[in-house]
Amino acid sequence: MLTFEQAAARLVADGHVRRMTAEGLRKAARTHPDWTVREDMYGKSSNARTLPYELAVRFVLTRRRGAKKDDAE
């Protein structure tokens, strides 16, 4: 479980995305219909909400595959 800030930094560090901010990840969580984290999966650390990092990875990899497919068409 990582905070949105930590998850965004790790997504970049692990090479899953070129850029990601905590706010971008929060926006995806609020608005994207394919967001993979259910409300009951979030945790809390101090005043920060945490999420399962593996599900954030799954979300960005799914989106990246979709973008590559769309680019090829």
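Keep in mind that this is a model prediction, so the values were computed, not measured.

Enquirer: Before we go on, may I ask you to explain the environment of Lys-44 in this structure?
Expert: Along the chain, Lys-44 turns up in strand β2 (residues 43–45). Lys-44 sits in the exposed class, given a relative accessible area of 63%. Considering only alpha carbons, one finds Lys-44 and Leu-2, 42 residues apart in sequence, at a separation of 9.3 Å.

Enquirer: What exactly am I supposed to notice about helix α1 (residues 4–13) here?
Expert: Note: α-helices contain 3.6 residues per turn, so residues at a spacing of three or four share the same orientation. When we look at burial in α1, the residues that qualify are Phe-4, Ala-7, Ala-8 and Leu-11. When α1 is viewed along its axis, its buried side chains cluster within an angular range of 100° and face the same direction. Exposed and facing more than 90 degrees away from the buried side of α1 are Glu-5 and Ala-13. Immediately downstream of α1, the backbone of Gly-15 shows phi near 80°, a positive value.

Enquirer: Sorry if this is basic, but what is going on with helix α2 (residues 22–31) here?
Expert: Buried within α2 we find Ala-22, Leu-25, Ala-28 and Ala-29. Summarising the axial view, the buried residues of α2 lie within an arc of 125°, below the 170-degree limit, and thus occupy one face. Exposed side of α2, more than 90 degrees from the buried face: Arg-30 and Thr-31 are the residues found there.

Enquirer: Help me understand the packing of aromatic side chains, please; the structure alone is not making it clear to me.
Expert: Here the distance between the centres and the angle between the planes together describe a pair of aromatic rings. A full pass over the atoms with the stated rule returns 2 aromatic pairs. Ring centres 6.2 Å apart and planes at 25° place the aromatic pair Phe-4 and Tyr-42 in the stacked group. Note that Phe-4 is positioned in helix α1 and Tyr-42 in the loop between α2 and β2, a separation of 38 residues in sequence. Look at Tyr-42 and you get buried, because its relative accessible area is 15%. Taking 5.0 Å as the distance between ring centres and 65° as the angle between the ring planes, the aromatic pair formed by Trp-35 and Phe-59 counts as edge-to-face. With Trp-35 in the loop between α2 and β2 and Phe-59 in helix α3 (residues 53–72), this pair connects stretches of sequence that are 24 residues apart. Per residue, the accessibility class of Trp-35 equals that of Phe-59, and both read buried. In this structure, Arg-49 packs its charged tip against the face of Tyr-42, placed 3.9 Å from the ring centre.

About the thresholds
- Position labels on residues start from 1 in each chain and follow its written sequence.
- Only residues with pLDDT of 70 or above have their local features reported here, since the model is predicted, and side-chain atom pairs are shown and tallied only from 80 upward, although totals for entire chains, interfaces and linings are computed over all residues.
- Only heavy atoms go into the side-chain values, all of them from the structure, while hydrogens and water stay out.
- What counts as a helix is a DSSP run of H or I of at least four residues, what counts as a strand is a run of E of at least two, and both are numbered from the N terminus.
- Partly exposed describes any residue whose relative accessible area lies between the buried limit of under 20% and the exposed limit of over 50%, with all areas from a 1.4 Å probe on protein chains only and scaled to the type maximum.
- Here the arc refers to the set of directions running from the helix axis out to each C-beta atom.
- Here a pair means two rings of Phe, Tyr or Trp (six-membered ring of Trp) with centres within 6.5 Å. Their orientation is stacked below 30 degrees between planes, edge-to-face above 60, and tilted elsewhere.
- Criterion for a charge above a ring: Lys NZ or Arg CZ within 6 Å of the ring centre, and within 35 degrees of the ring normal.

Spatial relationships are all this shows, so hold off on functional conclusions.
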